[in-house]
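Letter by letter, the chains look like this.
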Amino acid sequence: MYKYIIRRILVFIPMLFALSVIVFALAKAAPGDPFTTMLDPNIDRQVFEERKEALGLNDPVPVQYARWIGSAVQGDFGESIVYNGRPVMDLISARFWNTIYLGLVALFFTIIVAIPIGIYSARNPYSMLDYAATGFGFIGLAIPNFFFGLLAIYFLSIQLGWFPPQGTVSGNEVSGFQEFLDRMHHMILPGITLGLASTATYMRYMRSEVLDVLGSDYIRTAKAKGMSDRNVLYKHTLRNALIPIITLMGFEFGVLVGGAVITERVFNYPGLGTLFLDAIINRDYPIVMALTLIFGVFILVGNLLADIFYSIVDPRIRYD
């Protein structure tokens, strides 16, 4: 397993290099630049040209890429053009953990809701709850995240006042465990909104996989030997049914982190998604390129963790 992990990490290097080339090329091919939105007709154009020259934006593209990737591997993604020259890593680090926590809350909500309902639906097919779960799955896949978020804010925040509609903490000075509870209170609505589509997908996958495993010969043999339904479910069925779910979970974490853009904007949540969207609108390409690479790393690491958990869930899977 250790050799396999090392090999996978080494494979990450050319993949990230290819991703960096694509990201840099797309950023250069995009129309306009950050100075376009900052251009004031009453100010001499020479001022902007001098600033572009100072930032090296007039250098040949290969030179710009070599300079950027050389700094990026050292953790320096340059300075933001829109945020008054602040280092990109400072802007990212200030919001990094907000997005990580939000992604974990969304994933936790997905797991605790989708897996039990999927199992129950598979054990009781065509029951009322099974039909209700199927309907919920279709609704969850059909409703866009931003629309569900707006509904959640209107009903659960404005009408009922159960949850705060935006931000990460209240204005009150809190610390310690109270601060943790306050942050969790703020993350419930955006976390549920972010995990809605994933919950519907996991639930359908879980139902399908459990039904498939329950029809296997070794399950019928175990039941014929007198094994209880509980042991059949947890010792044999669930482990095999979880393998494709783990595949989704490994990929999903990277997708949740990178896909929080719209959800964070709806809830005015100060995370990487909001920073990414603002950078795109303002054509702040240093931030856009840095976040795109970071989202790519999350997806690669998520897939690696999925492969590792394969061998934990199913001892037959080995990577020797």
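Data block above holds the structure.
Residues numbered from 1 in each chain as written. Predicted model: local features only at pLDDT ≥ 70, side-chain atom pairs only at ≥ 80, totals over all residues. Heavy atoms only, no water.

Bringing the environment of alanine 114 into the picture now. Note that alanine 114 resides in helix H5 (residues 88-123). Judged by relative accessible area, which is 0%, alanine 114 ranks as buried. In this structure, the C-alpha to C-alpha distance between alanine 114 and methionine 203, residues 89 residues apart in sequence, is 4.4 Å. Not counting chain neighbours up to four residues away, the residues in contact with alanine 114 comprise Thr199, Tyr202, Met203 and Met206. (Helix = DSSP H or I, 4+ residues; strand = E, 2+ residues; numbered from the N terminus. Buried < 20%, exposed > 50% of the residue type's maximum accessible area, 1.4 Å probe, protein only. Contact = heavy atoms within 4.5 Å.)

The subject of this paragraph is the nonpolar core. If you look at the biggest cluster of nonpolar residues, it comprises 27 residues, and the most contacted ones within it are Trp68, Phe77, Ile92, Ile287, Met289 and Leu291. Every residue in contact with methionine 289, bar those within four places of it in the chain, is listed here: Val23, Phe24, Ala27 and Trp68. Core analysis: the next-biggest nonpolar cluster, separate from the first, contains 20 residues, Ile119, Tyr202, Met203 and Val232 among them. (Core = buried A, V, L, I, M, F, W, Y, C linked by side-chain atoms within 4.5 Å.)

Right, let's get into the side chain of threonine 274. Assignment of secondary structure puts threonine 274 in helix H12 (residues 272-281). Apart from residues no more than four positions distant in its own chain, threonine 274 is found in contact with Arg95, Glu264, Arg265 and Tyr269.

Before going further, it helps to spend a moment on the packing of H5 against helix H6 (residues 128-142). Closest axis-to-axis distance for the H5/H6 pair is 9 Å, and the angle between their directions is 135°. With respect to H6, the axis of H5 lies oblique. Viewed along their axes, H5 and H6 form a crossing whose handedness is left-handed. Each of Ile117, Tyr120 and Ser121 in H5 lies in contact with H6, whose residues at this interface are Leu129, Asp130 and Ala133. (Axes fitted to C-alpha atoms, helices over the stretch in contact; angles between N-to-C directions. Parallel < 35°, antiparallel > 145°, perpendicular 65-115°, else oblique. Left-handed = near helix turned anticlockwise from the far one by under 90°.)

What follows covers the packing of helix H7 (residues 145-159) against helix H8 (residues 177-214). Where H7 meets H8, the closest approach of the two axes is 9 Å, and the angle between their N-to-C directions is 150°. Our classification of the angle between H7 and H8 gives roughly antiparallel. The element H7 and its partner H8 pack so that their crossing is right-handed. Contacts between H7 and H8 involve Asn145, Phe148, Gly149, Ala152, Leu156 and Ser157 from the first element and Leu189, Ile192, Thr193, Leu194 and Leu196 from the second. Of the residues assigned to the contact of H7 with H8, the class counts are seven nonpolar, four polar and no charged. (Nonpolar A, V, L, I, M, F, W, Y, C, P; charged D, E, K, R; others polar.)

So, on to a nonpolar patch on the surface. Together, Phe146, Phe147, Leu150, Leu151, Tyr154, Phe155, Ile158 and Ile262 line one region of the surface with nonpolar side chains, adding up to about 770 Å² of accessible area. Among the elements that make up the nonpolar patch, the one with the highest residue count is H7 (seven residues). Of note, phenylalanine 146 is situated in helix H7. (Patch = residues over 30% accessible without salt bridge, like charges linked within 9 Å, V, L, I, M, F, W, Y side chains within 5 Å. Areas by Shrake-Rupley, 256 points an atom, 1.4 Å probe, with all protein chains shown as cover. Salt bridge = Lys/Arg side-chain N within 4 Å of Asp/Glu carboxyl O.)

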